[in-house]
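Secondary and tertiary structure notes
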Amino acid sequence: MNGIASLQVGEPVDHYLLIKQATKGVTTMGKPFMTLILQDKSGSIEAKLWDTGEEHEKLYQSEGIVRVGGEIHDYRGKAQLRIKAIRPVANDEGVSVVDLVPSAETPKEELYEQLMQFFFEIKNPQISRITRHILKENQDEVMTFPAATKNHHDYASGLLDHVVSMLKLGRAIADLYPTLNKDLLYAGIILHDIGKVVELSGPVATSYTVTGNMLGHISIMVTEIAKAADTLQIEGEEVMLLQHMVLSHHGKEEWGSPKKPMLQEAEMLHYIDNIDAKMNMLTRALGKTVPGEFTERLFPLDNRSFYKPTID
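The shown structure was predicted, so the numbers you read here are calculated from the model rather than taken from an experiment.

Cut-offs and rules
- Residues numbered from 1 in each chain as written.
- Predicted model: local features only at pLDDT ≥ 70, side-chain atom pairs only at ≥ 80, totals over all residues.
- Heavy atoms only, no water.
- Buried < 20%, exposed > 50% of the residue type's maximum accessible area, 1.4 Å probe, protein only.
- Pairing = 2+ DSSP bridges.
- Helix = DSSP H or I, 4+ residues; strand = E, 2+ residues; numbered from the N terminus.
- Axes fitted to C-alpha atoms, helices over the stretch in contact; angles between N-to-C directions.
- Domains from an automatic or database assignment.
- Buried area = accessible area lost by both parts, 1.4 Å probe.
- Salt bridge = Lys/Arg side-chain N within 4 Å of Asp/Glu carboxyl O.
- Polar contact = N/O pair within 3.5 Å; in protein donor to acceptor, adjacent residues only side chain to side chain.
- Nonpolar A, V, L, I, M, F, W, Y, C, P; charged D, E, K, R; others polar.
- UniProt positions renumbered as here; feature names shortened; annotations may be inferred.
- Contact = heavy atoms within 4.5 Å.
- Parallel < 35°, antiparallel > 145°, perpendicular 65-115°, else oblique.
- Left-handed = near helix turned anticlockwise from the far one by under 90°.
- Phe/Tyr/Trp six-rings, centres within 6.5 Å; stacked < 30°, edge-to-face > 60°.

Of note, Q233 is a non-glycine position whose phi angle comes to about 55°, a positive value. Exposure remark for Q233: the relative accessible area of 74% places this residue in the exposed category.

This paragraph deals with the sheet that holds strand β2 (residues 32-40). Strand order in the closed barrel formed by 5 strands is β1-β2-β3-β5-β4, and the pairing between neighbours is mixed. Taking each pair of neighbouring strands and ignoring which way they run, the sheet shows an average axis angle of 50°. Pairing between strand β1 (residues 12-26) and β2: 8 bridges, direction antiparallel. Paired with K24 across the bridge in β2 is M34.

This next bit is on the domain arrangement of the chain. Each domain of the chain was delimited in the assignment, giving domain 1 (11-99) and domain 2 (108-284). When each unit is reduced to the centre of its C-alpha atoms, the spacing between domain 1 and domain 2 is 33 Å. The largest per-residue losses of area from domain 1 upon contact with domain 2 belong to K20, E63 and V97, which jointly make up 71% of the total buried on that side. Inspection of the region where domain 1 meets domain 2 yields 1 salt bridge. In this structure, D154 and K20 form a salt bridge, with 3.3 Å as the shortest nitrogen-oxygen distance. Linking domain 1 with domain 2 are 2 residue pairs in polar contact (both at pLDDT 80 or more), by the criterion used here. Residues that form the side of domain 1 that touches domain 2 fall into these classes: 3 nonpolar, 1 polar and 2 charged.

As recorded in UniProt, the sites labelled "domain: HD" (unreviewed entry) are residues 159-278. Its end C-alpha atoms 14 Å apart, residues 159-278 is made of 66% helix and 0% strand.

Summarising the element assignment, T52 is placed in the loop between β3 (43-50) and α1 (54-59). In this view, T52 contacts P32, F33 and M34; residues no more than four positions away in its chain are not counted.

What follows is about helix α6 (residues 182-191). Extensive coverage of α6 is indicated by the burial of 9 of its 10 residues. What α6 keeps buried is the set D183, L184, L185, Y186, A187, G188, I189, I190 and L191. Packing partners of the buried residues in α6 comprise α2 (108-117), α3 (125-137), α5 (158-176), α9 (216-231), α10 (237-247) and α11 (264-287).

This brings us to the packing of α9 against α10. In the contact formed by α9 and α10, the axes pass within 9 Å of each other and the chain directions differ by 165°. By the angle class used here, α9 and α10 are roughly antiparallel. Our pair here, α9 against α10, has a crossing hand that is right-handed. Every residue of α10 that contacts α9 at I218, M221, V222, I225, A226 and A229 is listed here: V239, L242, Q243, V246 and L247. A per-class count over the contact of α9 with α10 returns 10 nonpolar, 1 polar and no charged.

This brings us to the packing of aromatic side chains. How two aromatic rings sit relative to each other is given by the distance of their centres and the angle of their planes. For the coordinates displayed, the defined rule picks out 3 aromatic pairs. The interplanar angle of 40° and the centroid separation of 5.2 Å between the aromatic rings of F33 and W50 together place this pair among those described as tilted. Taken together, the positions of F33 in strand β2 and W50 in strand β3 put the pair 17 residues apart, joining distant regions of the chain. Judged by its relative accessible area of 14%, F33 is buried. Seen from their ring centres, F294 and Y307 are 5.2 Å apart, and the 55° between their planes marks the pair as tilted.

Checked against the element boundaries, Q39 lands in strand β2. Setting aside residues no more than four positions away along its own chain, Q39 makes contact with L17, L18, K20, S44, L100, V101 and P102.

Below is the structure:
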């Protein structure tokens, strides 16, 4: 059976799915409904439950497994699941959360080993010690957490997948532009999103934690860098530079960065982060698109659809 994210408009649905997110809403006519984000290993899709009440809210909570019947339809250029039948799954049906959580294609152990190889290229001992310390403290979470709740690398080990991909891109750019400081660039890439292991709830039915909502991963990591430097009794410009790399990696204040990049390495980190996130979204969207047709609209990419050529 094809995964839910690979089905085309008009195709029928009879799938076991994990409720990734469940939110309440009210129509313009004042009638309650629920928006469900449902997923299996192929990815996720949005669905609506109409005329809902308290009993529905109890039955269909995040992290619950359901069996859903219906069909895929197009809603404003995006695939949506039209539910015709839905029920919670019983324990004896042999379906577990593990069967339905998307994960990185490369095993997490292999990805982590690839990440560790980049430390051989970091020559500054202060930068290396701070980065290793923070990575070691968060190793289990870094290996399993997603990089986001939706859009890019939003699957188990997605954070690690994102970082390793960025490191490879960073190496290629640094080889092309040798004035870039590899130590700062690599450390910035490794550290920039580790705060998400506090900001997000984990790889299953990922949501924002209270701390995540109140502080955000950027502020969390700036504090962690200061704490690591204090623990390791490290002083000097390196601490400030690493904090700036994290503070500025979203590029602009309106995109969530407290500071705009003021280091060439910070500017590159922002571009590399953006490239990898967008390529992940495009690769996944095009992967479930028939050649000669357009992808669904991608909201983070200006709500554009992308054409999949028929040429090889």
